[in-house]
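Coordinate inspection notes
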Amino acid sequence: MEKIYARTKTIQEDKVSGFCPGCMHGTVIKLIGEVLEEMNIVDKAACVLGIGCCGLHMDYIAYDNTTAPHGRACAVATGMKRANPESLVFTYQGDGDFASIGLGESVSAANRGENITVIFINNGIYGMTGGQMAPTTLIGMKASTAPKGRIAEEHGYPMHMCEILNQLTAPAYLERTSCNTPANVVKTKKAIRKAFENQLNGKGFSMVEIVTSCPTNWGLEALDSLTYIEEKMLPEFPLGVIRDK
Amino acid sequence: MEKIYARTKTIQEDKVSGFCPGCMHGTVIKLIGEVLEEMNIVDKAACVLGIGCCGLHMDYIAYDNTTAPHGRACAVATGMKRANPESLVFTYQGDGDFASIGLGESVSAANRGENITVIFINNGIYGMTGGQMAPTTLIGMKASTAPKGRIAEEHGYPMHMCEILNQLTAPAYLERTSCNTPANVVKTKKAIRKAFENQLNGKGFSMVEIVTSCPTNWGLEALDSLTYIEEKMLPEFPLGVIRDK
Amino acid sequence: MARVEIRSESCKSCQYCVKFCPKGVLAIGDKVNSKGYEYSVPVNMEACIACCICARMCPDAAIEVYK
Amino acid sequence: MARVEIRSESCKSCQYCVKFCPKGVLAIGDKVNSKGYEYSVPVNMEACIACCICARMCPDAAIEVYK
Amino acid sequence: MARVFMKGCEAIAEAAVRAGCRFFAGYPITPQNEIPEYFARRMSEVGGVFVQGESEVASVNMVYGAASMGTRSMTSSSSPGISLKSEGISYCASARIPMVYANISRGGPGVGSIQPAQQDYFQATKASGNGGFEMLVFAPSTVQEAVDMTYKAFDYADRDRNPVLILADGVIGTMMEPVVLPDAKSDEEVAAMKEAKKDWACVGHKLDYPNRAWIEPGHWQTSDMQRANEEAAAVYASWENEVQVEEYKIEDAEIVIAAYGISARISKSVVDMLRKEGIKVGLIRPITVHPFPYKTFDNINYGICKAVLDVEMSIPAQFVQDVSIGVKERCPIETCLSSGGNIISREAIIEAVKKINEKQGV
Amino acid sequence: MARVFMKGCEAIAEAAVRAGCRFFAGYPITPQNEIPEYFARRMSEVGGVFVQGESEVASVNMVYGAASMGTRSMTSSSSPGISLKSEGISYCASARIPMVYANISRGGPGVGSIQPAQQDYFQATKASGNGGFEMLVFAPSTVQEAVDMTYKAFDYADRDRNPVLILADGVIGTMMEPVVLPDAKSDEEVAAMKEAKKDWACVGHKLDYPNRAWIEPGHWQTSDMQRANEEAAAVYASWENEVQVEEYKIEDAEIVIAAYGISARISKSVVDMLRKEGIKVGLIRPITVHPFPYKTFDNINYGICKAVLDVEMSIPAQFVQDVSIGVKERCPIETCLSSGGNIISREAIIEAVKKINEKQGV
Amino acid sequence: METNLCVAGFGGQGVMTLGKFLASATCDSTDKNVTFFPSYGAEQRGGTANCFVVISDEMIGAPLGDVMDDLIVMNGPSLNKFLCTLKEGGNLFINSSIVSDDIARKDIKIIKAPVTELALELGNAKVLNVIMLGVYVGYTEVVSPEVVWGTIESKLGKKPKLLPLNKAAFEKGLEIGKSQK
Amino acid sequence: METNLCVAGFGGQGVMTLGKFLASATCDSTDKNVTFFPSYGAEQRGGTANCFVVISDEMIGAPLGDVMDDLIVMNGPSLNKFLCTLKEGGNLFINSSIVSDDIARKDIKIIKAPVTELALELGNAKVLNVIMLGVYVGYTEVVSPEVVWGTIESKLGKKPKLLPLNKAAFEKGLEIGKSQK
Ligand SMILES: Cc1ncc(C[n+]2csc(CCOP(=O)(O)OP(=O)(O)O)c2C)c(N)n1
Ligand SMILES: Cc1ncc(C[n+]2csc(CCOP(=O)(O)OP(=O)(O)O)c2C)c(N)n1
Ligand code: SF4
Ligand code: SF4
Ligand code: SF4
Ligand code: SF4
Ligand code: SF4
Ligand code: SF4
Ligand SMILES: [Mg+2]
Ligand SMILES: [Mg+2]
């Protein structure tokens, strides 16, 4: 019997992630590892982790990585890629990291067309710090810093990072995917692959925005979080290729 | 004989600005003062100055003002307006301030729909510090930090702040004007008035992006800078109302 | 003939594999791993068609598939 | 009958008023103010129609218009 | 007065509300999330404003803006977030804007660890930003003290037109203990406090150049800048009388522990434990860590004191430098340190004391 | 060796290039704009990278990234911009990333004034960010020294895997004077320096968990964090031998001036002027301001020394605190200060010296 | 007199709530000093969770002691981690549903309660912590059961539906605790 | 021997360039120590601009002295500001085209040159600084005129078209300077 689906070697054999049950950070990290292996570029990879739950796996991914100050992953990646163009440099960031504190760094790197890849995990909340409002929190969604739920008049509306970056000329590739169904997982993996290929081909800035879940801070069981993604998140954050040049 | 065009009282009688000859910072500050006087709201005004040449007049405008740390004017204005909603709070910022170091603060305040007014002076360069590249520097335009001119591959393309903010749901009003002709000066004044009225009416975030000149760092005589605006800046930054809700 | 292997120590009982398996091969068992999670187990292995959906959906890379 | 007044000390010789005056009322004079600028002066005041264009264009609020 | 059982962070926030704080902006970071979260719930009840800033930089500048309106305003963060606020704090100091902020500090440097530490001592006491400004810095060792200091901090800030820093740590921030809360300022009092600042605050002034509010975080003219710094320095000098310190059983002490904040609290209980064993230990606990109570160290009986033991949760040691300025080589100084989020243990302190006791006894 | 006439900022940049610096990211701020502008012209000639960051925060983090690749990297700024870099610098220290940065400091606090000052002394020497890390901090008093220090700084940074700070001021940054430039490292040497770091740099490693590069600016486990801090503290302790100081005519000095950077240079010329008048003045000039040459103050002949005169361009005075730790009350300390961008004048120093001379002479 | 208690288990077992209820009840009903100190990791869930409660007649120094008077252990890993901190003669309260290990130490008192099972029997796995709180209070009488129940009641105030269940759980625990005295 | 020179005028008058040419020439041609220190305001233009050049056989302490040996003044406001810094017996070089004020001090040497007019005569208002540099060098001989010209030549290297004009300007200045000795 042949193994037709193997655990990626980029995750350390004997380790269990610190992610909560059903958290899709795990899914995405697995996909990244699979793509690196399939493309045979694990030994070129340099991952810049944002600060947030994404960092929970930093000690058991098997490729080079560093942690950027909260929000600054795109700036750190800019330095890494320009200093060592042979490397495949990608950031892995949450919505608080990429779209709130790091908004300036994110948009500026995209505008310069840095030849890096951004994996942007949009779970609509601050996971690691315990459920504060993110720029992508849905209207009406409760957060510990928005106890009555996000209110448009007070907090404004959810931010659409793909669409914002699509206003810039430089970015090569912007796609929004999710991991809530098998089909979407496959699409996410393809998108990650494409984003990495773009970098190897010198096409410049690519971003995959992945709509995921935070069952813990959404206050939902893992399975229910899938429904929430389908019914609430995706209508606000429609999936698809926004830019591909 | 009746005085039909008087120097605005909001600029101190016996002072001469520190702006260079032909610099339109002066024009805009004059227009702001005129609008405040005409609307009879000088005594409600609180101006948040960005850091840049805009600050050169802080000691002789006759209304309340403070200077924000470079780039943070929208955050400072957020605090001022929320703490004292009766005030008319507006920022006055350059392109380095608003669109580079302050990009995060600018976009975030717009996204929250803060009930403030932004006067954004786009002169395509860092004026005060002596001609470094700004996010709005044109392709090919020389800057002290881009000695061969802005190169798309290395620096990316000029940023269009009106269009980027137009991706957000909250902003009430976004218009791009200029001051290079009498007609445009009149339009700019109208736009400033409208932006102030919006705030008094509680409509939320309004921004007037004003395409101006920096004769000194463009290396042009004042008159030639008018031509440059017409021929180079305006094709890249087309004038008009981008959002009005 | 197909087979899945589940690392019980990695499983966090999210049930994604259970939900998405088209053949009802998997279920949450009643044993608990050292982290306190009731892990997923194959209850109908014969039905497995090695489609890998379970493995693909598992956030914790707990599943491997053989054919 | 119209008239413009120019504060010579405020003028920085940018020539915007000169360029945009539809009646050619203004010109840069040959006197220099204390900052070293050759300031604008009316050379054809009779032609002035008090359109205020010069005043509006002046970045340094140096011009006032009377009618 | 009824005591209530509260978490340090929440108690700090409630004390601020009661002191009349009506504007808070902050950004999440462990272990101080309960401060913004508490304000998020509480501010709407008192007609105040809570804003989750998009970053620490934005948050401190929102406070700079709100406080420029005369509104009592506050922000908080933890170690790396405090670094990001440093430019904004420096602006507040330069523009003489009253505001209060808290550092619920954690392990460092860098992102460090989220557990309690005292690694930010020098930053807090010597340089919370560029330009050499100073602040009153209070270091609570109980939740009650954190409450009282926060409440008082707003008065100091207004009096001096200067930022005030509450330098707490993750233990104070996350532990719960009984506290007695101070009286809440009435709406009238809050309004009056704001009104009192209207001359310089940006709340609007009649068109009249010299009377307009002009808030200046810098000066074009070097002479103006120097004058501003001289004025600020005069305020700093006036704090000589603000120094607060606890002396505990130092008269006959053969070993004096010097510690602040949570380390001091743990050390104090060690003093009692060791005294029961007959070891004569005392404690000096700076309550204001800036200005520092250097003179208190003159009260040590150096004739019998074998050593001063610096106890702090920082490696390398920092607080020890101020201690040594106070001690002036009149006796040796030993250290008992932990770092990285490890809370100093009573056992470690006891061991350190005993080592001194034995060694010097020989 | 030919001397060339260069502006301080440009000389610093050229020295960095010659030391093998191949990545610079910075953001404009007066009075250091000539550093990024020089790199903008120069880097393309040597195959290096210049990036104008969108901010100081972005710039320091670009350097954190580039240096994580083993590339010799640098950033620079001036006072408020340095505050914004403080989180990033703290990350570099925590992750043990070698990098060099310069503060061409100006008046403060806040945005301050753009003229030269020494208001950032405490920030530079005690707390350039959260977490209590330390750095070698060099304070040049001539352009030549700025060149030599910058050149050497990269070696120290690599040796210690730690940031190094050049603490200059607006005079050093904007003045021109003749300098002799050090030899440029060859392309081979530059490549070899990078290669030497490839074990820990993120340049890519074979799929093999324990060998991958893992750059950690913090640690989940408090024990790991403590160990990291202990290791860093050991490096800091090793700097005892790195202390550099200039002693000038202090053997017979009745008045010893203590000053660093530009103030020291001006003071030194005052020493010569006053000596000609028969007043016995000397100078102690710390070249490394961290670690500080405390012990040098033992070399003062306190039997005849009437006072130490602290000369610095900061109000309130800061450097004086380290001076007083060195002096240990063995003689009085007086100050001669300017602030806000006012360059200290020889006349003011002379006056201060004479005042001491007369007063104490009575 | 100072009592140091450590409560340790998985995240999700209500360890923090247990400690908080106890400490809060002490504050409400006595003049004693009391501290509650939670200890978290970076993970939101799944890590080990533990907290420390100190109750004392005098000022409390360390809100987390090195040596514990009482230890409540809800799962296996916590037993391994904390057993050594329990002082000679101290009380070990143990969730015997999950912790099956034999306990080597003979110098301590061991109070066993199969709280996981009992909770399931009561119909809700989540009340295991309230049962254990009952056991602890019943055994130690550090605070009166009535006061503790009062605290639980007021904290659950917003969800009155849950009261009967919790009441039953608490009483079950009390009973077990008292019976093992 | 240390010479302190201050050059002061409007922005746009080439004050900084004058100082830089002089200092640079000194560096190139002598073993002396020399510093050039510019003093700017926040404005890019229109403010007063001034710079300081110190030339010395010994180490230079202050790159900007309190007392000047030589003062070059290009406009009225600068005269008011800096005249008091000129030492007794010092040299005042003055742009007599613009600065018409009578100079009250009798303890100094005054060297007048109508450099604005002369520059216009030469056909380019911008060379007034090069004329003044010529005046200064011609009068003081602090560095040889050839070396100064060499420096100007090399700095203007990229714009050879401007050389004849500048040469004429410099020589004109030298002539005036020498003639007033
Ligand atoms: C400068 C700074 N500010 C704040 C924090 C605290 N912090 C850690 S993670 C985080 C937010 C994480 O949210 P997100 O980026 O959405 O990631 P998620 O956990 O949801 O995956 C914050 C605010 C920090 N570490 N550093
Ligand atoms: C934190 C910080 N960084 C940098 C500066 C220096 N600085 C002053 S003005 C300016 C840029 C001004 O450019 P812009 O905003 O376009 O305004 P302009 O002068 O063109 O009107 C900069 C970078 C500063 N004062 N503070
Ligand atoms: S807190 Fe949310 S984002 Fe973080 S690991 Fe848990 S589920 Fe995932
Ligand atoms: S430098 Fe440019 S922006 Fe600044 S005042 Fe001069 S012309 Fe205007
Ligand atoms: S491989 Fe497919 S059929 Fe087999 S268990 Fe997994 S999901 Fe079910
Ligand atoms: S998907 Fe993975 S973690 Fe979830 S229940 Fe199945 S095996 Fe367990
Ligand atoms: S008012 Fe009109 S016509 Fe008169 S001078 Fe001005 S521009 Fe010319
Ligand atoms: S527009 Fe104003 S500044 Fe310009 S030349 Fe005319 S009067 Fe002078
Ligand atoms: Mg998130
Ligand atoms: Mg600009």
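Quick look at the structure, then. All values reported here derive from a predicted model rather than from experimental measurement.

The rules behind the values
Residues numbered from 1 in each chain as written. Chains lettered and ligands numbered in written order. Predicted model: local features only at pLDDT ≥ 70, side-chain atom pairs only at ≥ 80, totals over all residues. Heavy atoms only, no water. Salt bridge = Lys/Arg side-chain N within 4 Å of Asp/Glu carboxyl O. Helix = DSSP H or I, 4+ residues; strand = E, 2+ residues; numbered from the N terminus. Donors = N, O, S within 2.8 Å, 3.2 Å for Na, K, Ca; no water. Buried < 20%, exposed > 50% of the residue type's maximum accessible area, 1.4 Å probe, protein only. Near = heavy atom within 4 Å. Polar contact = N/O pair within 3.5 Å; in protein donor to acceptor, adjacent residues only side chain to side chain. Areas by Shrake-Rupley, 256 points an atom, 1.4 Å probe, with all protein chains shown as cover. Least-squares fit on C-alpha atoms with pLDDT ≥ 70 in both. Contact = heavy atoms within 4.5 Å. Nonpolar A, V, L, I, M, F, W, Y, C, P; charged D, E, K, R; others polar. Expected span 1.5 Å × (residues − 1). Bend = angle between axes of the 7 residues up to and from the residue.

1. A short note on the pattern of salt bridges
- Counted under the stated rule, the structure contains 100 salt bridges over all chains.
- In this structure, the salt-bridge partner of B:Glu38 is B:Lys189, at a minimum N-O distance of 2.7 Å. Here the residue B:Glu38 occupies a position in helix α1 (residues 25–39), and B:Lys189 occupies one in helix α7 (residues 182–200), the gap between them amounting to 151 residues.
- Put simply, A:Glu34, A:Glu38, A:Lys189, A:Arg193 and A:Glu197 are held in one network by salt bridges that share partners.

2. Notes on the coordination of the magnesium ion (ligand 10)
All names here are of chain B.
- Of the protein atoms, only Asp-95 (OD), Asn-123 (OD1) and Ile-125 (O) coordinate the magnesium ion (ligand 10), at distances of 2.0 to 2.1 Å.
- Along the chain, the residues that donate to the magnesium ion (ligand 10) are spaced as D-x27-N-x1-I. As far as the burial class goes, Asn-123 and Ile-125 line up, both buried.

3. A word on the site of ligand 2
- Close contacts around ligand 2 come from 22 residues, with B:His25, B:Asp95, B:Asp97, B:Gly127 and F:Glu56 the closest.
- A distance of 2.9 Å separates an oxygen atom of ligand 2 from a polar backbone atom of B:Asp97.
- In this structure, an oxygen atom belonging to ligand 2 sits 3.1 Å away from a side-chain N or O atom of B:Asn123.
- In isolation ligand 2 has 580 Å² of accessible area, and contact with the protein removes 99% of it.

4. A few points about the relation of the copies chain F and chain E
- Between chain F and chain E, which share one sequence, the superposing operator has a rotation angle of 180 degrees and an axial displacement of 0.0 Å; the RMSD is 0.0 Å. Such values leave the two copies arranged in the relation of a two-fold axis.
- Residue by residue, 100% of the interface of chain F is reproduced at the interface of chain E, so both copies engage with the same surface.

5. A word on the site of ligand 3
- Near ligand 3 the following residues occur: A:Phe19, A:Cys20, A:Cys23, A:His25, A:Cys53, A:Asn123, A:Gly127, A:Cys214, A:Pro215, A:Thr216, A:Asn217 and G:Gln44.
- More than one chain lines the surroundings of ligand 3; the residues nearby belong to chains A and G.
- A total of three residues in the shell around ligand 3 trace back to one element, the largest contributor, which is helix α8 (residues 215–218) of chain A.
- Its residues assigned to classes, the shell around ligand 3 shows six nonpolar, six polar and no charged.

6. Side note on the arrangement of the chains
- Ranking the 16 pairs of chains in contact by number of contacts places chains E and F first.
- Between chain A and chain D there is no contact, and the shortest C-alpha to C-alpha distance separating them is 32 Å.
- Over all C-alpha pairs, chain C and chain H never come within contact, reaching a minimum spacing of 57 Å.

7. Overview of the interface of chain F and chain E
- The interface of chain F with chain E comprises 54 residues on the first partner and 54 residues on the second.
- At the junction of chain F and chain E, the tally comes to two salt bridges.
- Two residues, F:Lys328 and E:Glu329, come together in a salt bridge whose shortest N-O distance is 3.3 Å.
- Summed over the shared surface of chain F and chain E, the result is 37 residue pairs in polar contact (both at pLDDT 80 or more).
- Secondary structure elements with two or more residues in the side of chain F that touches chain E: α4 (79–84), α5 (86–95), β6 (113–116), α6 (121–126), α10 (222–238) and α12 (319–327) of chain F.
- Per element, the largest residue contribution to the side of chain F that touches chain E is eight residues, and it comes from α10(F).

8. Describing the coordination of the magnesium ion (ligand 9)
- Note on the magnesium ion (ligand 9): its protein donors are A:Asp95 (OD), A:Asn123 (OD1) and A:Ile125 (O). The metal-donor distances range over 2.0 to 2.1 Å.
- In the primary sequence, the donor residues of the magnesium ion (ligand 9) line up as D-x27-N-x1-I.

9. Quick look at helix α2 (residues 34–46) of chain E
All names here are of chain E.
- In a regular helix each residue adds 1.5 Å, so 13 residues correspond to 18 Å; α2 covers 18 Å between its end C-alpha atoms and thus fits that length.
- Considering bend angle alone, the principal kink of α2 is centred on Ala-40 and spans about 35 degrees.
- Where α2 is concerned, the buried positions are Glu-34, Ile-35, Pro-36, Glu-37, Tyr-38, Phe-39, Ala-40, Arg-42 and Met-43.
- A positive phi of about 75 degrees marks Gly-47, the residue just after α2.

10. Looking at the environment of C:Ser40
All names here are of chain C.
- With respect to the helices and strands, the residue Ser-40 is situated in strand β3 (residues 38–42).
- In sequence terms Ser-40 and Ile-6 are 34 residues apart; their C-alpha atoms lie 7.4 Å from each other.
- In this view, Ser-40 contacts Ile-6, Cys-11, Cys-17, Val-18, Leu-26, Ala-27, Ile-28 and Gly-29; residues no more than four positions away in its chain are not counted.

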